[in-house]
Protein chains: 2
Amino acid sequence: MKTLGLDLGGTKILAAVVEDGHILARQHHPTPRTGYTAVVDALTRAAQTLLRDYPDVTRVGLGSPGPLDIRAGKVVFAPNIPGMEDVPIAADLSERLGLDVALENDANAAGYAEHLYGAAKNLQSSVYITISTGIGGGIFVGDRVVRGAYGVAGEVGHVTLEPGGPLCGCGHYGCWEAVAAGRALARDASHAYGFALTTEEVFRRAQAGERLALKVVDQAAMYTGLGLANLVKTLDPDGFVLGGGIMRTGKFYLDKVQAAADTFVQGFPTAKLHLAQLGTDAGVIGAASVAARELATVEGPSVPT
Amino acid sequence: MKTLGLDLGGTKILAAVVEDGHILARQHHPTPRTGYTAVVDALTRAAQTLLRDYPDVTRVGLGSPGPLDIRAGKVVFAPNIPGMEDVPIAADLSERLGLDVALENDANAAGYAEHLYGAAKNLQSSVYITISTGIGGGIFVGDRVVRGAYGVAGEVGHVTLEPGGPLCGCGHYGCWEAVAAGRALARDASHAYGFALTTEEVFRRAQAGERLALKVVDQAAMYTGLGLANLVKTLDPDGFVLGGGIMRTGKFYLDKVQAAADTFVQGFPTAKLHLAQLGTDAGVIGAASVAARELATVEGPSVPT
């Protein structure tokens with residue numbers, strides 16, 4: 001079944017017609033900075049351009065940063081896009097396009113793509129963790145996204161790993177995101193060096209063997225290993241998929257995280273870590289897959305697609 | 001469907017014939033301290049006594065302390081029962097009784113009973129936490145136990161809540177169990193008072209308003225609130241059921257835990273806490289329910305039972 005995926009990011013909107021995890025056509029546009037209506041306009045335009053060539057597409061999936069209210073189809077708040085506060089984006093977009101729109105949070109969407117078609121495609125259950133400026137996650141069992149009662153399941157970036165630790169953007173202290181995401185690495189390294197460093201610079205210096213940078217990167221890897229070990233003891237998934245900007249450093253960082261996780265799971269099953277495979281396409285493929293799956297749920301699995 | 005439940009505890013074996021969550025007949029025996037064969041003998045006797053009166057029972061569920069290897073039907077290690085190390089208890093008991101035996105860990109069994117017939121019977125998804133000497137847990141969605149890839153899902157007592165905190169029986173530091181279970185409370189209070197106290201005494205003194213005991217109880221409640229908040233952000237269940245010896249203090253402790261959880265989930269959905277309702281029968285009802293459910297799975301849900 002062909003569906004349309006929309007991936008709303010802080011800097012760009014990616015739209016694609018997707019079938020069985022393959023992108024048939026794509027569009028991208030910068031994300032407007034001028035408010036909510038402009039964002040809906042841009043999403044509508046990106047979608048309509050593709051829908052003209054694929055008139056058989058009847059279902060749209062939208063991946064958005066959040067927090068979201070999935071049941072109401074609303075973005076509660078999107079910190080990196082101006083004007084996105086308590087907006088009924090699914091209904092508004094559905095009205096513009098004349099098609100059903102399924103809303104999903106961006107980490108769930110990307111993780112779902114990896115679960116169905118990427119690094120976890122052979123696993124019954126997987127947990128996806130995306131580590132970039134912040135940390136997001138998603139939980140997948142069989143062909144399903146685990147959303148929880150309020151769509152919050154998988155928000156593991158805000159699990160407390162260090163009580164009384166650094167303040168997080170969510171208002172709590174010592175969240176996984178506050179001790180191990182890109183912003184935390186840049187903060188800790190800037191403090192250690194005495195001047196401002198970007199996350200990229202921290203990794204460059206760590207890979208070059210600089211002791212201060214290595215210490216900062218090792219500590220972040222330690223916390224991420226701890227977070228993964230806690231997920232083994234809570235969910236015991238078949239495997240984990242790690243994605244996001246920081247994982248683009250590949251084996252260098254993955255090995256450190258695996259070593260930390262191995263330490264913290266001794267006596268319990270191993271955390272089997274996999275690097276994400278679908279790159280920046282994961283979000284849009286996942287959003288489209290959510291749309292396909294939602295329809296399958298509504299119509300029942302025996303309807304030919 | 002009538003099934004037989006067996007609840008193997010550190011001090012006693014409880015056996016019961018159960019139908020739809022109701023106990024039709026029961027037996028109990030002390031748990032032998034003389035080795036594995038004596039334990040299997042005692043379980044067999046308890047079962048056979050009941051099976052004589054209920055010859056239509058064809059399926060047995062056994063709840064056991066662990067860790068277990070569910071797939072192999074083995075108890076890997078049961079710290080409180082002598083001789084229980086790497087023993088194929090499901091197969092051995094099945095051979096003695098001539099019936100299928102389903103093995104489940106004791107916390108999953110008790111939580112499953114609460115999910116199906118007790119405090120969580122109206123919830124689609126629930127997480128059960130039992131707080132006594134240690135801390136165990138179980139995760140339930142729909143009519144199913146979430147076991148994970150190796151049967152470890154729900155082992156939340158060994159999630160790290162305080163990195164570098166007190167050493168746990170599992171060999172790691174700062175586990176939920178090591179900072180908030182009965183043994184931890186007794187340890188902390190004994191240290192504060194300068195003489196040995198039992199967990200019961202700590203709660204008695206705290207309820208009488210003694211400052212030192214209150215401090216210890218409040219800290220344990222804080223950690224349990226933190227653990228629950230982390231589970232909201234990870235799983236977002238419809239609710240939590242709290243059971244085990246410590247929760248028998250009822251509202252006194254529950255209110256403290258709820259207050260702590262409320263603090264740590266601000267900005268996220270509330271942790272809805274419920275006291276367990278089935279008391280010491282939960283384990284045997286749950287074990288019997290696992291047996292009924294396993295059979296339903298094998299034969300398919302459309303077979304009349």
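Just so we're clear, the structure is a prediction, and the values are computed from it rather than from any experiment.

Draft legend 1. Quick peek at the pattern of salt bridges. All names here are of chain B. Under the criterion given, the structure shown has 22 salt bridges over all chains. Between Asp56 and Lys2 there is a salt bridge; the shortest N-O distance is 3.1 Å. One end of the pair, Asp56, is in the loop between helix 1 (36–53) and strand 4 (59–64); the other, Lys2, is in strand 1 (residues 2–8), and 54 residues separate them in sequence. Owing to a relative accessible area of 45%, Asp56 belongs among the partly exposed residues under this scheme. Arg59 is the salt-bridge partner of Asp100, the closest N and O atoms lying 3.5 Å from each other. One end of the pair, Asp100, is in strand 8 (residues 100–105); the other, Arg59, is in strand 4, and 41 residues separate them in sequence. Owing to a relative accessible area of 45%, Asp100 belongs among the partly exposed residues under this scheme.

Draft legend 2. Representation of the relation of the copies chain B and chain A within the structure. The operation relating chain B to chain A is a screw motion whose rotation component is 180 degrees, with 0.0 Å of axial translation and a residual RMSD of 0.0 Å. As the rotation angle and translation indicate, the two copies are arranged about a two-fold axis. By residue overlap, the copies meet face to face through one surface: 100% of the interface positions of chain B are interface positions in chain A.

Draft legend 3. Quick look at the packing of helix 5 (residues 182–193) of chain B against helix 6 (residues 199–207) of chain B. Residue and element names in this part refer to chain B. Contact geometry for helix 5 and helix 6: axes closest at 8 Å, N-to-C directions at 65 degrees. Taken together, the axes of helix 5 and helix 6 are roughly perpendicular relative to one another. In terms of crossing hand, the pair formed by helix 5 and helix 6 is left-handed. Between helix 5 and helix 6, the contacting residues are Gly182, Arg183, Leu185, Ala186, Ala189 and Tyr193 on the first element and Thr199, Val202, Phe203 and Arg205 on the second. Here the contact of helix 5 with helix 6 is built from residues that sort into six nonpolar, two polar and two charged.

Draft legend 4. Representation of the sheet that holds strand 10 (residues 135–141) of chain B in the model. Residue and element names in this part refer to chain B. Strand order in the open sheet made by the five strands is 11-10-9-12-13, with mixed pairing throughout. The open sheet has two edge strands, strand 11 (144–146) and strand 13 (273–275), and neither has a second partner. Within the sheet, the average angular offset between the axes of one strand and its neighbour, ignoring direction, is 30 degrees. Two strands pair when backbone bridges link them, and strand 9 (residues 125–131) and strand 10 are joined in this way by seven bridges, in the antiparallel orientation. Each bridged residue has a counterpart across the sheet, and for Ile131 the counterpart in strand 10 is Ile135. This element, helix 8 (residues 251–264), spans strand 12 (239–243) and strand 13 of the sheet and lies at about 165 degrees to strand 13.

Draft legend 5. Focus on helix 2 (residues 89–97) of chain A. All names here are of chain A. Burial in helix 2 covers these residues: Ile89, Ala90, Leu93 and Leu97. On an axial view of helix 2, the arc spanned by its buried residues comes to 95 degrees, and they lie on one face. Against strand 1 (2–8), helix 1 (36–53), strand 4 (59–64), strand 6 (74–77), strand 7 (85–87) and strand 8 (100–105) lie the buried residues of helix 2. Phi turns positive, to about 70 degrees, at Gly98, one or two residues after helix 2.

Draft legend 6. Focus on the packing of aromatic side chains. Scanning the entire structure with this criterion turns up six aromatic pairs over all chains. When the ring of Tyr112(A) is compared with that of Phe140(A), the centres are 5.9 Å apart and the planes differ by 20 degrees; the resulting orientation is stacked. With Tyr112(A) in helix 3 (residues 106–117) and Phe140(A) in strand 10 (residues 135–141), the pair connects residues that are 28 residues apart, well separated along the chain. The exposure class assigned to Tyr112(A) is buried, which follows from its relative accessible area of 2%. Here Phe140(A) falls in the buried class, since its relative accessible area comes to 0%. An angle of 85 degrees between the planes, with centres 5.3 Å apart, marks the rings of Phe203(B) and Tyr253(B) as edge-to-face. Here the residue Phe203(B) occupies a position in helix 6, and Tyr253(B) occupies one in helix 8, the gap between them amounting to 50 residues. Accessibility classification places Phe203(B) together with Tyr253(B) in one group, the buried group. One residue, Arg71(B), lies across the ring of Tyr150(B), its end atom 5.0 Å from the ring centre. In this arrangement the basic side chain of Arg205(B) is found over the ring face of Tyr193(B), its NZ or CZ atom lying 5.0 Å from the centre.

Draft legend 7. The arrangement of the interface of chain B and chain A in detail. At the junction of the two partners, chain B supplies 36 residues and chain A supplies 36 residues. The tally of links between chain B and chain A comes to zero salt bridges. Inspection of the region where chain B meets chain A yields 20 residue pairs in polar contact (both at pLDDT 80 or more). At the level of secondary structure, the elements contributing two or more residues to the side of chain B that touches chain A comprise helix 7 (211–235) and helix 8 of chain B.

Draft legend 8. Summary view of the packing of helix 5 of chain B against helix 7 of chain B. Residues and elements named next belong to chain B. Remark: helix 5 packs on helix 7, axes separated minimally by 9 Å, with the N-to-C direction vectors making an angle of 150 degrees. When the interaxial angle is binned, helix 5 and helix 7 end up roughly antiparallel. Here the hand of the crossing between helix 5 and helix 7 comes out right-handed. Only Leu212, Ala213, Val216, Val217, Gln219 and Ala220 of helix 7 make contact with helix 5, whose side of the interface consists of Leu185, Asp188, Ala189, Ala192 and Tyr193. Residues belonging to the contact of helix 5 with helix 7 are distributed by class as follows: nine nonpolar, one polar and one charged.

Draft legend 9. Layout of the domain arrangement of chain A. All names here are of chain A. One can read the domain layout of chain A as domain 1 (2–109 + 280–299) and domain 2 (122–276). Here the C-alpha centroids of domain 1 and domain 2 sit 27 Å apart. Taken together, the contact between domain 1 and domain 2 spans 10 residues of the former and 16 residues of the latter. Roughly 990 Å² of surface becomes buried between domain 1 and domain 2 when both sides are summed, with 38% attributable to carbon and sulfur atoms.

Draft legend 10. Broad picture of unusual backbone geometry. Residue and element names in this part refer to chain A. In this structure, the amide linkage connecting Gly66 to the following residue, Pro67, adopts the cis form with an omega of 20 degrees. Looking at where Pro67 falls in the secondary structure, it is placed in the loop between strand 4 and strand 5 (68–69). Its identity as a non-glycine residue notwithstanding, Asp20 has a phi of 50 degrees, on the positive side. Residue position: Asp20 is located in the loop between strand 2 (12–19) and strand 3 (22–30).

Draft legend 11. Summary view of empty space enclosed by the protein. Per the counting criterion, the structure on display carries one cavity of 30 Å³ or more. The space that makes up the largest cavity amounts to roughly 130 Å³. Taken together, 16 residues make up the lining of the largest cavity; nearest its centre are Asn230(A), Thr234(A), Val159(B), Asn230(B) and Thr234(B). When residues of the lining of the largest cavity are traced back to their parent elements, those giving at least two are helix 7 (211–235) of chain A together with helix 7 of chain B. Tallied by class, residues from the lining of the largest cavity come to 10 nonpolar, six polar and no charged.

Here is what the cut-offs are and how they apply
- Residues numbered from 1 in each chain as written.
- Chains lettered and ligands numbered in written order.
- Predicted model: local features only at pLDDT ≥ 70, side-chain atom pairs only at ≥ 80, totals over all residues.
- Heavy atoms only, no water.
- Salt bridge = Lys/Arg side-chain N within 4 Å of Asp/Glu carboxyl O.
- Helix = DSSP H or I, 4+ residues; strand = E, 2+ residues; numbered from the N terminus.
- Buried < 20%, exposed > 50% of the residue type's maximum accessible area, 1.4 Å probe, protein only.
- Least-squares fit on C-alpha atoms with pLDDT ≥ 70 in both.
- Contact = heavy atoms within 4.5 Å.
- Axes fitted to C-alpha atoms, helices over the stretch in contact; angles between N-to-C directions.
- Parallel < 35°, antiparallel > 145°, perpendicular 65-115°, else oblique.
- Left-handed = near helix turned anticlockwise from the far one by under 90°.
- Nonpolar A, V, L, I, M, F, W, Y, C, P; charged D, E, K, R; others polar.
- Pairing = 2+ DSSP bridges.
- Arc of directions from axis to C-beta.
- Phe/Tyr/Trp six-rings, centres within 6.5 Å; stacked < 30°, edge-to-face > 60°.
- Lys NZ or Arg CZ within 6 Å of the ring centre and 35° of its normal.
- Polar contact = N/O pair within 3.5 Å; in protein donor to acceptor, adjacent residues only side chain to side chain.
- Domains from an automatic or database assignment.
- Buried area = accessible area lost by both parts, 1.4 Å probe.
- 1 Å grid on protein atoms, 1.4 Å probe; cavity = no way out; pocket = protein on both sides within 12 Å on 5 of 7 lines; lining within 4 Å.
- Points joined across faces, edges and corners; volume = space filled by probe spheres on them.

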